[in-house]
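A structural walkthrough
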Amino acid sequence: MYKLTIESHFDAAHALRGYRGRCENTHGHRFRAVAHFTTHCLDDIGLGADFAELKKALNEVLERFDHADLSTMPPFDIVNPSSENLATTIYSLLESKTLPAQLSSVEVWESPDAGVEYRPDGELI
């Protein structure tokens, strides 16, 4: 099996409702989104999937969040715009696209040293 990884960035603001501390106020991050895919097969030129195609799909998903206040847009107007909920949402939106490899997880990093990984199977490796 092959594991393919792509990443991209977007800038957005959010406020964590119910949080006690500075993050309850609207603030911004340069979010890093990392998507992991798996495939068992290589094509006739030895590729598991075209990175450019995977990155295009990820960027199409992230485009809606770039330079936005996440707290005011669905689904984050209802659920807290935490990195955890953001990872789940990005996973769901990316999974709904036709992709050349199986999406296995999505990571969202809100700073260089704080991030989360979402895997729908519940297993973290």
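In what follows, the accompanying structure is described. Small disclaimer: the values here were computed from a predicted structure and weren't measured. (Residues numbered from 1 in each chain as written. Predicted model: local features only at pLDDT ≥ 70, side-chain atom pairs only at ≥ 80, totals over all residues. Heavy atoms only, no water.)

As for the pattern of salt bridges
A side chain with one charge may pair with a side chain of the opposite charge, provided their charged atoms come close. One pass over the structure, following the stated rule, counts five salt bridges. One salt bridge in this structure joins E7 and R32, with 3.2 Å as the shortest N-O distance. Of this pair, E7 sits in strand β1 (residues 2-14) while R32 sits in strand β2 (residues 27-39), placing them 25 residues apart in sequence. Overall, R32 belongs to the partly exposed group, its relative accessible area being 25%. Residues participating in the shared-partner salt-bridge network are K56, E60 and K97. (Salt bridge = Lys/Arg side-chain N within 4 Å of Asp/Glu carboxyl O. Helix = DSSP H or I, 4+ residues; strand = E, 2+ residues; numbered from the N terminus. Buried < 20%, exposed > 50% of the residue type's maximum accessible area, 1.4 Å probe, protein only.)

Some points on the sheet that holds strand β5 (residues 114-118)
Taking strand neighbours across the sheet as the criterion, the five strands line up as β3-β1-β2-β4-β5 in an open arrangement whose pairing is mixed. Looking at strand neighbours, the two that pair on one side only are β3 (68-69) and β5, the edges of this open sheet. Of the strand pairs in this sheet, β1 and β2 are connected by 13 bridges, and their pairing is antiparallel. Looking at the pairing, L4 lines up with F37 of β2. Running over the sheet, helix α1 (residues 51-62) touches β1 and β2 and is turned about 25° from β1. (Pairing = 2+ DSSP bridges. Contact = heavy atoms within 4.5 Å. Axes fitted to C-alpha atoms, helices over the stretch in contact; angles between N-to-C directions.)

A few points about unusual backbone geometry
What is expected of a backbone is that most residues other than glycine have negative phi and most peptide bonds are trans. With an omega dihedral of 0°, the bond running from P74 to P75 counts as a cis peptide bond. In this model, H67 sits at a positive phi of 55°, which is unusual for a non-glycine residue. Relative to the helices and strands, H67 is located in the loop between α1 and β3. Relative accessible area serves as the criterion here: at 65%, H67 is assigned to the exposed category.

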